[in-house]
Amino acid sequence: MAWSKQDEQGERGAHGPQALSVSEAVATAKGAVAGLGTFVVMGEVTGFRGPNARSGHCYFQVKDDSSSMDCIVWRGVAAHMGFELRDGLKIQVTGAFDVYAGSGRLSFVAKHVEVAGEGLLRQQVAELARRLEREGLMDQGRKRAIPRFCTRVGVVTSLSGSVIEDVKRTLARRNPLVELEVAGCSVQGPGAAASVEQALAVAEATAPDCILLVRGGGSFEDLMTFNDEGLARAVARCAVPVVCGIGHEPDVSICDMVCDRRCSTPTAAAESVAPALDEVEAAIADRSGRLVSALQGLCQRDVLKVEASADALTRAMDARLTRERATVDAFATHRCLSDPAFVLEGRENDLLALEQRLHDAIPRSMARRAAEVDAAGRRLTSLGSRLLDPYEATLARSAATLEALSPLRVLGRGYAIARDARGHVLSHADPSLVGQDVTVMLGDGTLTANVTAADAGGDPSK
């Protein structure tokens, strides 16, 4: 028998509530939780994870002595908290519960987070201190040195309290030469931070050697004015070095951390910028004595150097004069100075001797040159004969050969050469020559003949 899905749902509906899918169940729970509204929950942070590297969200649990719940702080909320979450921090978180559809997990989504109780103030101060430290406002390398002897000091404090009188008495007692420039302000309550910042600017405008930022002791809340971020930044960027004396020894404010010098009390701050007059006098006397001793030592060393230089100069001059004197004496012994004509006589004798040597040398040189020319002529004649002998022999052989081949030699043996009227040599009997004159060259002379007959085919021996 077939069993359909509708039959299965009908069967379940007949015996109990209708079954839901997981998505439907989670959506139902999500809607029910959303209807609970907004809660303000106080607890301690544990299992903190974040901000996430990609999303920037923070995940943790908030717990008390018996329970805990998952909590989510989205990136936008975390960026405006003003402090960093960490395990063990007691917080007050405002938000609503939500069910994550993907896993059905219940979480508390925070819309606002703050530190709970008085710890809130301290946590906020600590977080501000960490932030300013990361920016480098508390670095010792940034802080400026306070002049050792300040002659003009600015004071920023309340004019209604006893602090200003303590500062004046301290400065008058220790060094009455110090001039004070007082800038009054409110040091506690609403608007006090802005008042102090304005007074700091007024004191800076008077161009003192340094500025004292002071107030008496009080509770942590009373000193919160000096934990203001704007005031702390104003102290850090002040063009004049700032000395803070706020509260008592255990009290440390943000301004104490960023100022150029921190003192435990206002009185200690005043004492640090105004050394006692007797101390100044003692220091001046001590430095004066050391200066005199140093100058005396320098003078003594310079006197010794001058004396040593004078001795060395005297010795050098004596040695130089001795050498110059010896040179002059040597020149004085020269013959040219005592007898100037001696130089000319010596040159005349040298010229005469040279003339005699020249007269003696010329005949010898000419005879030697003549002998050398004769010898060269004989060598040239002998060499010419040896050079011409091969060419003369070759010429003789060539002449003999030419003589043997010469037509004149043939004519001498009884032969003759006949030429026509144009001078052409006749080599055969041409009948056209009959009646013409021909010239016949013999071994000795020539003759002219008239051709009467020409037999081209005849035998010349007949």
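Right, let's walk through the structure included here. Fair warning: this is a prediction, and the values are worked out from it, not measured in the lab.

The next point concerns the pairing of strand S6 (residues 152–157). Among the six residues in S6, five count as buried, and that is most of the element. Note: S6 against strand S7 (residues 179–184), six bridges, orientation parallel. Within the sheet, the bridge partner assigned to Val156 lies in S7 and is Ala183. Regarding the hand of the β-α-β motif, the stretch spanning S6, helix H5 (residues 163–174) and S7 is right-handed.

Structurally, Asp209 is set in the loop between helix H6 (192–205) and strand S8 (210–215). Asp209 sits in the partly exposed class, given a relative accessible area of 25%. With residues near it in sequence (within four places) discarded, Asp209 still touches Pro147, Phe149, Cys150, Thr151, Arg152, Val240 and Pro241. A polar contact is formed between the side chain of Asp209 and the backbone nitrogen of Thr151, at a distance of 2.7 Å.

All right, on to the nonpolar core then. One broad rule of soluble globular proteins: the nonpolar side chains tend to lie buried together. In this structure, Val156, Leu213 and Val235 are the most contacted members of the largest nonpolar core, which totals 33 residues. Elements represented by at least two residues in this core include exactly helix H4 (118–135), H6, S8, helix H7 (229–237), strand S9 (242–246) and helix H8 (254–258). Ranked by the residues each element gives to this core, the list is headed by H7, at five residues. If near-sequence neighbours (up to four positions away) are discounted, Val235 is found in contact with Leu200, Leu213, Val242, Cys255, Val258 and Cys259.

Further remarks concern the state of the cysteines. Under the defined criterion, the tally for this structure stands at zero disulfides. Free cysteine Cys244: the closest other cysteine sulfur is in Cys259, separated by 3.8 Å. Here Cys244 falls in the buried class, since its relative accessible area comes to 0%. Free of any disulfide, Cys263 has its nearest cysteine sulfur in Cys259, 8.0 Å distant.

With that out of the way, let us pick up the layout of surface pockets. Computed from the structure, the largest pocket encloses a volume of approximately 280 Å³. Forming the walls of the largest pocket are 15 residues, and the residues nearest its centre are Tyr59, Ile72, Tyr100, Arg105 and Ser107. Within the residue set of the lining of the largest pocket, elements represented by two or more residues are strand S2 (58–63), strand S3 (68–73), strand S4 (90–100) and strand S5 (105–115). Here the residues of the lining of the largest pocket are counted per class, giving eight nonpolar, three polar and four charged. Estimates place the volume of the second largest pocket at around 240 Å³. Surrounding the second largest pocket, Ala418, Leu426, Ser427, His428, Ala429, Val438, Val440 and Ala449 form its lining.

This part covers the pattern of salt bridges. Tallied over the full model, the rule gives 17 salt bridges. In this structure, Glu271 and Arg173 form a salt bridge, with 3.7 Å as the shortest nitrogen-oxygen distance. Here Arg173 lies in helix H5 and Glu271 lies in helix H9 (residues 266–273), a separation of 98 residues in the sequence. One salt-bridge network, held together by shared partners, links Arg131, Glu135, Glu229 and Arg233.

Looking now at the sheet that holds strand S12 (residues 437–441). Pairing is antiparallel in the open sheet, where three strands are placed in the order S11-S12-S13. Across the chains shown, the open sheet's two edge strands, defined by having one partner strand only, are strand S11 (417–419) and strand S13 (446–450). When strand polarity is set aside, the average angle formed by the axes of neighbouring strands in this sheet is 30°. Bridging between S11 and S12 involves three bridges; their strand directions are antiparallel. Bridging across to S12, Ile417 finds its partner in Met441.

For the rest of this paragraph, the subject is the sheet that holds S6. As summarised here, the arrangement of the five strands in space is S7-S6-S8-S9-S10, forming an open sheet in which the pairing is parallel. The open sheet has two edge strands, S7 and strand S10 (261–263), and neither has a second partner. Direction aside, the axes of adjacent strands within the sheet are offset by 20° on average.

For the rest of this paragraph, the subject is the packing of aromatic side chains. The final tally for this structure, using the stated rule, is three aromatic pairs. Taking 5.0 Å as the distance between ring centres and 75° as the angle between the ring planes, the aromatic pair formed by Phe97 and Phe108 counts as edge-to-face. In this pair, Phe97 is assigned in strand S4 and Phe108 in strand S5, connecting sequence segments 11 residues apart. Among the aromatic residues, ring-to-ring pairing joins Phe39, Phe97 and Phe108 into one connected group.

For residues other than glycine, phi is negative in most cases, and the peptide bonds are mostly trans. A cis geometry characterises the amide bond from Gly50 onward to Pro51, with omega recorded as -5°. Looking at where Pro51 falls in the secondary structure, it is placed in the loop between strand S1 (39–49) and S2. With a phi close to 55°, Ala207 is a non-glycine residue in the positive phi region. Turning to its location among the elements, Ala207 is positioned in the loop between H6 and S8.

With respect to the helices and strands, Asp420 occurs in the loop between S11 and S12. Within the structure, Asp420 has its side chain in polar contact with the backbone nitrogen of Arg422 (distance 3.0 Å). A polar contact is formed between the side chain of Asp420 and the backbone nitrogen of His424, at a distance of 2.7 Å. Apart from the residues within four sequence positions on either side, Asp420 is in contact with Leu426, Asp437 and Val438.

The rules behind these values
Residues numbered from 1 in each chain as written. Predicted model: local features only at pLDDT ≥ 70, side-chain atom pairs only at ≥ 80, totals over all residues. Heavy atoms only, no water. Buried < 20%, exposed > 50% of the residue type's maximum accessible area, 1.4 Å probe, protein only. Helix = DSSP H or I, 4+ residues; strand = E, 2+ residues; numbered from the N terminus. Pairing = 2+ DSSP bridges. Right-handed = clockwise from strand over helix to strand, strands pointing away. Contact = heavy atoms within 4.5 Å. Polar contact = N/O pair within 3.5 Å; in protein donor to acceptor, adjacent residues only side chain to side chain. Core = buried A, V, L, I, M, F, W, Y, C linked by side-chain atoms within 4.5 Å. Disulfide = S-S within 2.5 Å. 1 Å grid on protein atoms, 1.4 Å probe; cavity = no way out; pocket = protein on both sides within 12 Å on 5 of 7 lines; lining within 4 Å. Points joined across faces, edges and corners; volume = space filled by probe spheres on them. Nonpolar A, V, L, I, M, F, W, Y, C, P; charged D, E, K, R; others polar. Salt bridge = Lys/Arg side-chain N within 4 Å of Asp/Glu carboxyl O. Axes fitted to C-alpha atoms, helices over the stretch in contact; angles between N-to-C directions. Phe/Tyr/Trp six-rings, centres within 6.5 Å; stacked < 30°, edge-to-face > 60°.

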